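Chain residues, written in single-letter form:
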Amino acid sequence: MLALTFKNASDYDLIREDDALAIRGFDKLRSRCFFELEVNHTDGSTDTIALNHSFNEGQIAWFKAGSALNAMKN
């Protein structure tokens, strides 16, 4: 599981109950990078929110492998 936090805590208030969400940036996952949360509102408007993670390079390798055991197997 990759825990994500809002870069700006106030961005939490931009999300509405009926929004469609998409996380962008998994293909560029590395330490000290951030993701973008694309928030598509039912009124047709969108917001983009920056999300942080705290994984280091070793944890990222485990995440990409599916688990630490899978990473150690290879």
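Keep in mind that this is a model prediction, so the values were computed, not measured. (Residues numbered from 1 in each chain as written. Predicted model: local features only at pLDDT ≥ 70, side-chain atom pairs only at ≥ 80, totals over all residues. Heavy atoms only, no water.)

**Concerning the sheet that holds strand 3 (residues 34-40)**
What holds strands together in a sheet is hydrogen bonding between their backbones, with the strands either parallel or antiparallel.
So, step 1. The sheet built from 4 strands is open, its strands ordered 1-4-3-2 with antiparallel pairing. Every other strand in the sheet has two partners, leaving strand 1 (5-6) and strand 2 (20-24) as the edge strands with one partner each.
So, step 2. Where strand 2 meets strand 3, 5 bridges bridge the pair, whose relative direction is antiparallel. Along strand 3, the bridge assignment pairs A20 with N40. (Pairing = 2+ DSSP bridges. Helix = DSSP H or I, 4+ residues; strand = E, 2+ residues; numbered from the N terminus.)

**What to know about the nonpolar core**
So, step 1. By size, the foremost hydrophobic cluster in this structure holds 10 residues: L2, L29, C33, F35, L37, V39, I49, L51, F55 and I60.
So, step 2. Secondary-structure elements contributing two or more residues to this core are strand 3 and strand 4 (46-52).
So, step 3. Broken down by element, this core gets its largest block of residues, 3 residues, from strand 3.
So, step 4. Beyond its immediate sequence surroundings of up to four residues, F35 is in contact with L2, L4, I23, R24, G25, F26, L29, I49, A50, L51 and H53. (Core = buried A, V, L, I, M, F, W, Y, C linked by side-chain atoms within 4.5 Å. Buried < 20%, exposed > 50% of the residue type's maximum accessible area, 1.4 Å probe, protein only. Contact = heavy atoms within 4.5 Å.)

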